[in-house]
Amino acid sequence: MKKFINWRNHLNIYLLTILIINILLLGFPLTSVFGYEFAVINSMILVLLSGFYTVYYFKRDPGKSDKEFLRELLKSLSFFLIVPFLVSIINSIITGFCSFCDGIQFYIVITAPSIIIGAALGMVSILMLKQFRAGLIILLYIMILSIIGFELYFNPQVYFYNPILGYFPGTIYDEAIAVDLKLVMYRLANLLFFGGILLLAVKMIYNSIKHSKIILILLSLVVSLVFYFLSPGFGYSTTFNSLSDNLEKELVSEHFIIHYDNKISTGKIKILALKQEYYFEVLRKYFNSAPSEKINSFIFNDDDQKKKLFGSKNADVAKPWLNQIYVSIENLEHTLKHEIAHCFTANFGAGIFKLAAGFNPMLIEGIASAADGFYQENSIHYMAGLAYNNNYQVNLENLLTKFGFYNQPSSLSYIYAGSFVNFLVDEKGIDTFKTFYRTGDFEKSYGIELKPFLKGYYNFLSFSSGTGNQYQADYYFGRKSLFQKLCPRAISLRLRNGWEHYSNGDYMGAQIIFLGIYSSGENYSALVGLVESYKKLNRLNKSVKTLEKAIDSFEGTSYYFNLELLFADLLAVKREFGNADSLYNILSEQNPNRRLFYIANTRLELMKNNRLIVKYLKGNNFDKYKIIRKLNSGSYKYSTFPVWIYLSKSYNEDYDIFMEQFNKKIIVDDYLSSYAAYSLSKYMLDNYDFINARKMAALSLRYNADKNFTSVLKSQYQMTGWFYTNGNKILSEIKYEK
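Within any chain, residue numbers begin from 1 and follow the written order of that chain's sequence. In view of the model being predicted, local features appear only for residues whose pLDDT reaches at least 70, and side-chain atom pairs are presented and counted only at 80 or more, with totals across whole chains, interfaces and linings using the full set of residues. Hydrogens and water molecules were not included; the side-chain quantities draw on all heavy atoms of the structure.

(A) Structural detail: the overall build of the protein. Along its length, the protein carries 35 helices and eight strands. A compact globule built from 738 residues should have a C-alpha radius of gyration of about 27 Å, and the protein, at 30 Å, falls within 12% of that. Each residue gets one of three labels from its accessible area relative to the maximum for its type: buried under 20%, exposed over 50%, partly exposed in between, using a 1.4 Å probe on protein chains only. Counting all 738 residues of the protein, 55% fall into the buried class. When contacts within the protein are restricted to residue pairs at least 6 apart in sequence, long-range pairs at least 24 apart make up 69% of them. For accessible areas, the Shrake-Rupley method is used with a probe of radius 1.4 Å. Any residue's cover is judged against the shown protein chains and nothing else. Here the protein displays about 33700 Å² of accessible surface, and carbon together with sulfur accounts for 57% of that area. Of the side-chain charges in the protein, 76 are positive and 61 negative, and the distance between the mean point of each set is 6 Å. Under the DSSP-based scheme used, a helix requires at least four consecutive residues in state H or I and a strand at least two consecutive residues in state E, with every element numbered from the N terminus. The size measure is the radius of gyration over C-alpha atoms, and the globule rule it meets is 2.2 Å times the number of residues to the 0.38 power. Throughout, a residue-residue contact means that at least one pair of heavy atoms, one from each residue, lies within 4.5 Å. In this tally, Lys and Arg are treated as positive and Asp and Glu as negative; His is ignored, and so are the chain termini. All charge positions are set by atom: Lys at NZ, Arg at CZ, Asp at CG, Glu at CD.

(B) Inspection of the pairing of strand β5 (residues 295-300) at higher detail. Within β5, six of the six residues are buried, leaving the element largely enclosed by the surrounding structure. Burial along β5 is two-sided: the face carrying Ile 295, Ser 297 and Ile 299 and the face carrying Asn 296, Phe 298 and Phe 300 are both buried. Being paired, for any two strands, means DSSP has found at least two bridges between them. By the bridge criterion, five bridges tie strand β4 (residues 256-260) to β5 in an arrangement that is parallel. The partner of Phe 256 across the bridge, within β5, is Ile 295. In terms of handedness, the path from β4 via helix α11 (residues 266-287) over to β5 forms a crossover that is left-handed. Here is how to tell: hold the view so the strands point away, follow the path from the first strand over the helix to the second, and if it runs clockwise the crossover is right-handed.

(C) Representation of the pattern of salt bridges within the structure. Salt bridge, as used here: a side-chain nitrogen of Lys or Arg that lies within 4 Å of a carboxyl oxygen of Asp or Glu. Throughout the structure, instances matching the rule amount to 13 salt bridges. Here Asp 66 ties to Lys 203 by a salt bridge, and the two come within 3.2 Å at their closest N and O atoms. Of the two residues, Asp 66 is situated in helix α4 (residues 66-95) and Lys 203 in helix α8 (residues 181-207); the sequence distance between them amounts to 137 residues. Asp 66 sits in the buried class, given a relative accessible area of 14%.

(D) Quick peek at a positive patch on the surface. Exposure above 30% relative accessible area and the lack of any salt bridge qualify a residue for a patch; like charges then connect within 9 Å, and the nonpolar side chains Val, Leu, Ile, Met, Phe, Trp and Tyr within 5 Å. Where like charges cluster on the molecular surface, the positive patch consists of Arg 611, Lys 615, Lys 626, Arg 629 and Lys 630. Among the elements of the structure, α29 (610-618) and α30 (621-631) are those that each provide at least two residues to the positive patch. With three residues, the top contributor of residues to the positive patch is α30. Tracing the sequence through the fold places Lys 615 in helix α29.

(E) Structural context of the packing of aromatic side chains. Planes of paired rings set the category: under 30 degrees apart is stacked, over 60 is edge-to-face and the rest tilted, where pairs are Phe, Tyr or Trp rings (Trp by its six-membered ring) whose centres lie within 6.5 Å. Considering all chains together, one arrives at 94 aromatic pairs under this definition. Ring plane angle 85 degrees and centroid distance 6.1 Å describe the contact between Phe 433 and Phe 436, whose orientation is recorded as edge-to-face. Note that Phe 433 and Phe 436 are positioned in helix α18 (residues 430-439) at a spacing of three residues, about one turn of the helix. Assessed through its relative accessible area of 3%, Phe 436 is described here as buried. Positioned above the aromatic ring of Tyr 616 is the side chain of Lys 624, whose terminal nitrogen or guanidinium carbon lies 5.5 Å from the ring centre. For Lys 664, the ring lying beneath its charged end belongs to Tyr 636, and the centroid distance is 4.3 Å. We call a charge positioned above a ring when the Lys NZ or Arg CZ atom is no farther than 6 Å from the ring centre and deviates by at most 35 degrees from the ring normal.

(F) Geometry of the pairing of β4. Counting buried residues along β4, five of its five residues qualify, which places the element largely inside the surrounding structure. By the alternation rule, side chains of β4 split into Phe 256, Ile 258 and Tyr 260 and Ile 257 and His 259, which are all buried. The pairing of strand β3 (residues 249-252) with β4 spans four bridges and is antiparallel. For Leu 251, the partnering residue across the bridge sits in β4 and is Ile 258.

(G) Spotlight on the environment of Asn 469. By the element assignment, Asn 469 lies in the loop between α20 (450-463) and α21 (470-477). On the accessibility criterion, Asn 469 (22% relative accessible area) is partly exposed. Residues Asn 469 and Ile 627, spaced 158 residues apart in sequence, show a C-alpha to C-alpha distance of 33 Å. Ignoring sequence-local partners within four residues, the contact set of Asn 469 consists of Leu 386, Asn 390, Gln 590 and Asn 591. As used in this structure description, the phrase polar contact means that two N or O atoms lie within 3.5 Å; if the pair is within protein, one of them must be able to donate a hydrogen and the other to accept it, and residues adjacent in sequence are counted only when both atoms belong to side chains. Within the local environment of Asn 469, its side chain forms a polar contact with the backbone nitrogen of Gln 472, the two atoms lying 2.7 Å apart. Among the polar contacts made by the side chain of Asn 469, one reaches the main-chain carbonyl oxygen of Gln 590 at a distance of 3.5 Å.

(H) Representation of the packing of helix α31 (residues 641-650) against helix α33 (residues 671-686). Contact pair α31 / α33: the axes reach a minimum separation of 8 Å and the direction vectors enclose 25 degrees. The pairing of α31 with α33 is recorded here as roughly parallel in orientation. Here Phe 641, Pro 642, Ile 645, Ser 648 and Lys 649 of α31 lie close against α33, whose contacting residues are Tyr 675, Ala 676, Ser 679, Leu 680 and Tyr 683. When residues are sorted by character, Ala, Val, Leu, Ile, Met, Phe, Trp, Tyr, Cys and Pro go into the nonpolar class, Asp, Glu, Lys and Arg into the charged class, and all the rest, Gly among them, into the polar class. Each residue belonging to the contact of α31 with α33 can be placed in one class, and the counts come to seven nonpolar, two polar and one charged. Axis definition: a line fit to C-alpha positions, over the contact stretch in the case of helices; interaxial angles, taken between N-to-C directions, run 0 to 180 degrees. Any angle that is under 35 degrees is reported as roughly parallel, and any over 145 degrees as roughly antiparallel; angles of 65 to 115 degrees are reported as roughly perpendicular and all others as oblique.

(I) Just the nonpolar core, in detail. Side-chain atoms within 4.5 Å link the members of a nonpolar core, which is a set of buried Ala, Val, Leu, Ile, Met, Phe, Trp, Tyr and Cys residues. Phe 287, Leu 396, Tyr 416, Phe 433, Tyr 457, Phe 477 and Tyr 584 are the most contacted members of the largest nonpolar core, which totals 177 residues. Excluding anything up to four places from it in sequence, Phe 287 contacts Ala 341, Phe 344, Thr 345, Phe 348, Ile 367, Ala 371, Ile 430 and Lys 434. Core analysis: the second largest hydrophobic core is formed by 47 residues, Tyr 57, Leu 70, Ile 164 and Val 202 among them.

(J) Representation of a nonpolar patch on the surface within the structure. On the surface, Phe 150, Phe 154, Ile 217, Leu 221, Leu 225, Tyr 228 and Phe 229 cluster together into a nonpolar patch covering about 720 Å² of accessible area. Contributing elements (two or more residues each) for the nonpolar patch: α7 (133-154) and α9 (212-234). Of the residues forming the nonpolar patch, the biggest block, five residues, is contributed by α9. Mapped onto the fold, Ile 217 is located in helix α9.

(K) Spatial organisation of the confidence of the model for the protein. Taken residue by residue, the protein gives an average pLDDT of 91. The fraction at 70 or more is 95%. By mean pLDDT, the top-scoring element of the protein is helix α34 (residues 690-700) (98), and the lowest-scoring one is helix α1 (residues 2-6) (53). Residue-level confidence of the predictor is summarised by pLDDT, bounded by 0 at the bottom and 100 at the top.

(L) Quick look at the packing of helix α2 (residues 11-25) against helix α3 (residues 36-60). Running from amino to carboxyl end, α2 crosses α3 at an angle of 165 degrees, the nearest separation of the two axes being 11 Å. It follows that α2 is roughly antiparallel to α3 by the angle criterion. Crossing of α2 over α3 shows right-handed handedness. Residue-level contacts link Leu 11, Tyr 14, Thr 17, Ile 18, Ile 21, Asn 22 and Leu 25 of α2 to Phe 38, Ile 41, Asn 42, Ile 45, Leu 46, Leu 49, Phe 52, Tyr 53 and Tyr 56 of α3. Here the contact of α2 with α3 is built from residues that sort into 13 nonpolar, three polar and no charged. Two helices that cross are described as forming a left-handed crossing if the nearer one is turned anticlockwise from the farther one by less than a right angle, and a right-handed crossing if clockwise.

(M) Looking closely at α18. Of all the positions in α18, only Ile 430, Phe 433, Lys 434, Phe 436 and Tyr 437 are classed as buried. Along α18, the residues classed as buried sweep out an arc of 165 degrees about the axis, all on the same side. Against α11, α13 (332-345), α14 (361-372), α17 (410-428) and α19 (442-446) lie the buried residues of α18. At the C-terminal side of α18, Gly 440 shows a positive phi close to 75 degrees. Note: the arc covers the axis-to-C-beta directions of the helix.

(N) Geometry of the side chain of Gln 716. Its location among the elements puts Gln 716 in helix α35 (residues 707-733). Take Gln 716: its relative accessible area is 7%, and that puts it in the buried class. Not counting residues within four places of it along the chain, the set of residues in contact with Gln 716 comprises Tyr 678, Ser 681, Lys 682, Leu 685 and Ala 697.

Next up, the structure:
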């Protein structure tokens, strides 16, 4: 037994430790999979343990020569990589692989270099100190990890390349992470740097080179500094200057400095500037305070550019401590006010990051959602009431904990957080909430216990907010949380590959990929891709049968209603007009959200001429535009207005030419006509027609049977009124710096 324990200087003790840790990791959703998270956690563990083992190995068996010592050390450390690999592989054989290919790539690129990095830290500690070497390893380990905090605090980026982690996508969960050339090159650079330090330290120790400590320190510092200054050019970090260089245009208004891509038109950016200034005034009144310095807003041309330069593709972000927001031009309508609100919270945030106490996400996102007030053209209270009264309740006490925010779909977390914070502000005022935000102590801030107050909030949701219907609730909330998803990263990468094949016209290749994904588990995107691929391959019957067989399994989810629309469209193209008409009517009656409601009603208008619906569904955007225009040549079909506007914008039709078609009186007497006027008002506002935008917003308010929708209409009317009064003056004061 003693011989077993002492084998290779207690190597078995280290391997047993690694084994126990990896068995424990199997109990967590993301690390139980042989993939990215598993590779990163093991890299963190192995760097530290490799450093400790190197010190112990040198102390017990320094070896006869530097080469022999290094050879035997690396041979022992190689066992560190075998144990996690075997644990995860055996578990995957039993429970099923997500993707062995992806997993092995992550393990080789992220985890494998960790033993070299750890050994280098160990040898540096041996060279520098005779005692407390383990303490120096921990200090160096923390210093290397702290680079992430430095970059997070001072740089715009949310992604991080780090020797210990390899790559970290940041605070925004990104399913589409893959081993790419940039990551491979970064890890090769890590191996060259730390491998060089390891060799140099071993040589210095065994050959007693004079001034070895100073030489090693200076060399390490010089190489590190060179890499630090070069890293923005290679895409391993994003500084304010490098981001500004890529978003090279700059516009300055009273409260904002806008950095934007040169592909974004001047017309769009000027409207953005006006909306930012409008939201600034609204938020100033809400918070009773405002940032003292101009907010820097970085506006990306699309999500792909945002992913490349900033690190987050799927979410817009603010950094209150930097007074900066980062938004894609295509997301402005939904996220701009929310992100600006984050900058206002810096005035009362805690710590150097100026965020909620304990970085509590419920408070951080709750106050921004509350200040925004709306979620996808619905009031935040309406959405919370919709969830609460239709079987999508959450435990607010749990939501207030650090990780409770992530235990349900993000839409639920954001909506409940925003509604609850708005309720707090309405009941107790914004100043008391600021104290709660800064301290994180509810009872001390409000002088009452949380549970009785929550009862009052739940009662408010039950009786004071709109209940909607179950279909709407399923549409908005019928999604899985991050921790409920099976193999999210592997599936996301395969889906991206499938859609790339589809976009490139390789429909057979796309079909094979989508079929493989869907066969291993019900996936909405894979099903849609499969159905669309069959359709492109002129296998319409196969499309219909595939969707008909699969659609019921999505009932009760947010995806069901889009599949209903797709199914109805397929039936219409197949000329099964009776069945298609029934499905469109069902979708209209379900009314899961505004978009699907007006699309379903537009299709019903087209169904009145069977030849027209087929031509519309088979046509390109310009064909569809002509059909919609013809449809409105007599009396207005109000359900078509949002579609009509979208199609006009899709081929950049001149605003005045488009508006010439609205030569008849618009009569608002129901929801569809009100929404049509509201859509026109937004379109007019985006085209600097402030007078008519205001008139149309006022017209839309003639329908007031829906309290929730009326709040949306009033918000639009207030904005158009502000634009009418202030727009031209602000536009005249805008400066272009670049």
